[in-house]
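So the chains spell out like this:
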Amino acid sequence: MNAEPRVLAGTHESPLSLAQHESLFGPSRGLHLEPAELKASGLTGRGGAGVPTSLKVEFLRQQKRSVGYVVVNAMEGEPAAHKDRTLLSKNPHLVLDGAMVLANMLGADDVVVCVAREHTRAVAAMKAAIAERGRRRLQEPAFELMTPPGRYVAGEESALVHWLDEGETLPQYRPHRPSLLTIGRRGVLVDNAETHANVALIARRGADWFRSVGTSRQPGTVVTTVSGHGRPVVNEVPYGTPVREVLRAAGVPFEPVAVLLGGYGGTWLAGHHLDRGCDNDSLHGVGANIGAGVIVALPPDSCGVAETARIVEFMARESARQCGPCAFGLPALAADFELLRRGRDGGSALARLEERCTTIEGRGACRHPDGVIRLVRSALRTFADDVVRHGAGQPCAHAATSTTAPIPHRSHPETLEWA
């Protein structure tokens, strides 16, 4: 962790004004980036999927349909993630700079910043930043702030675009990637807020500077959210930093038995793998990836089976329920994992879990079910000994009290357009 913060630069406690932002990062007016320089930077999306940003840009530039919108996805429906709202609450103009650069690169007239309406501090910071830029009358695209409902699936890019276009947060079936997303008849580029902030820095300082930290295949930094020991801690670290160092910097006071990487659609990583780097090459060999930088540390007095049961139940509840795997498969998985947690009908429940994973995988309208399958399989592997004991009717002492992973106690009836 020997690199200075980049997208989180500054020690401010309140959002930087435009003047403060330009004093720290440099002028916004005239900011420009060539597609070749963006490609040379190796920037990948920070929303979880890790798609090269230049690949998205090149795909849209090849389309006959014009690009009308650049969408900043700052929805952050992942309960264990706080990076985007932190970024918007500190450096909102850096995100707007990156969106402006991409809009100019694609000839888009409009930038839409999407922040979940529940994230009131980030909403206020972005609203003020957009208003301030309007007063400056820079030669920029039109900026608009939208506040969709904060359901987990609302942050999936096709669901977000569908909400902007049709008013419903429903993921769209896309058998091939990349695929063209549209609002009306015009193409849309969607990228995570952290990705946009990095674009702004590359435009100012170049690809070589950007690649000066991180790894050769995953350059730059990643903003991580570490939870499991009290209030979540957000830090920016170079890709490749050992997981153990990230935990230490976040003040985790114990040796975790495991960590959850990549959020609730991610994977459990056993404690003896904590010296692996926070980059996908380092984590690939143990079936994990860093995703959107979410890390949940599991303390010794927790139960991995119970934590997984809680997360699977949440993911089933937050699905769009528009296809069989989400409407029926995920609730069935949640019910079986709850039986396993309680040590009741564990042997049969375990057999059904393995069978359901095979049946559900790859059959959803979006990739939400696949993320849950990935989580379940990693739990069965990482906590194998505990799974056996639970299956034999001998749940561990912490099975009833383990509540490490943050699960919001909320309901969004106004967003259940499919109900």
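A brief structural summary. (Residues numbered from 1 in each chain as written. Predicted model: local features only at pLDDT ≥ 70, side-chain atom pairs only at ≥ 80, totals over all residues. Heavy atoms only, no water.)

1. Here's the deal with the packing of aromatic side chains
We apply this condition: In this scheme Phe, Tyr and Trp rings, the latter by its six-membered ring, pair at centre separations within 6.5 Å, and the angle between planes marks the pair as stacked below 30 degrees, edge-to-face above 60, and tilted otherwise. Runs of E in the DSSP output that reach at least two residues are strands. Runs of H or I that reach at least four are helices, and both are numbered from the N terminus. Think of it in three bands: with a 1.4 Å probe and only protein chains considered, a residue is buried below 20% of the maximum accessible area for its type, exposed above 50%, and partly exposed in between.
In the structure shown here, the tally under the stated rule is 3 aromatic pairs. Their ring planes at 90° and their centres at 6.2 Å tell us that Tyr-152 and Phe-314 sit as a pair that is edge-to-face. Here Tyr-152 is found in the loop between strand E3 (142–146) and helix H7 (157–166), whereas its partner Phe-314 is found in helix H11 (residues 304–318), with 162 residues between them in sequence. On the accessibility criterion, Tyr-152 (18% relative accessible area) is buried. A relative accessible area of 0% means that Phe-314 is categorised as buried.

2. Let's talk about the environment of Ala-365
In this structure, Ala-365 sits in the loop between helix H13 (346–360) and helix H14 (368–382). Among the residues examined, Ala-365 registers a relative accessible area of 19% and is labelled buried. Sequence spacing of Ala-365 and Glu-76 is 289 residues, and the spatial spacing of their C-alpha atoms is 21 Å.

3. Observations concerning helix H8 (residues 193–210)
What counts, and what does not: By definition here, a helix of n residues has an expected span of 1.5 Å times n minus one. The angle between axes fitted to the seven residues ending at a residue and the seven residues starting there is what we call the bend at that residue.
With 18 residues, H8 extends only 17 Å from end C-alpha to end C-alpha; this falls clearly short of the ideal 26 Å at 1.5 Å per step. When the local axis directions of H8 are compared, the greatest deviation, roughly 95°, occurs at Arg-204. For H8, the buried fraction is high: 15 of the 18 residues fall into the buried class.

4. Considering the pattern of salt bridges
What counts here: Any carboxyl oxygen of Asp or Glu that lies within 4 Å of a side-chain nitrogen of Lys or Arg is treated as forming a salt bridge with it.
Under the criterion given, the structure shown has 20 salt bridges. Measuring nitrogen to oxygen at the nearest pair gives 3.4 Å for the salt bridge that ties Arg-186 to Asp-109. In this pair, Arg-186 is assigned in strand E5 (residues 186–192) and Asp-109 in the loop between helix H5 (92–106) and strand E2 (110–115), connecting sequence segments 77 residues apart. Across the pair Arg-356 and Asp-336 runs a salt bridge whose closest N-O atoms are separated by 2.7 Å. One end of the pair, Arg-356, is in helix H13; the other, Asp-336, is in helix H12 (residues 324–342), and 20 residues separate them in sequence. Note on Arg-356: relative accessible area 28%, which makes it partly exposed. Taking relative accessible area as the criterion, Asp-336 reaches 3% and is therefore assigned buried. What emerges from the salt-bridge pattern is a single network uniting Arg-46, Lys-83, Asp-84 and Glu-194.

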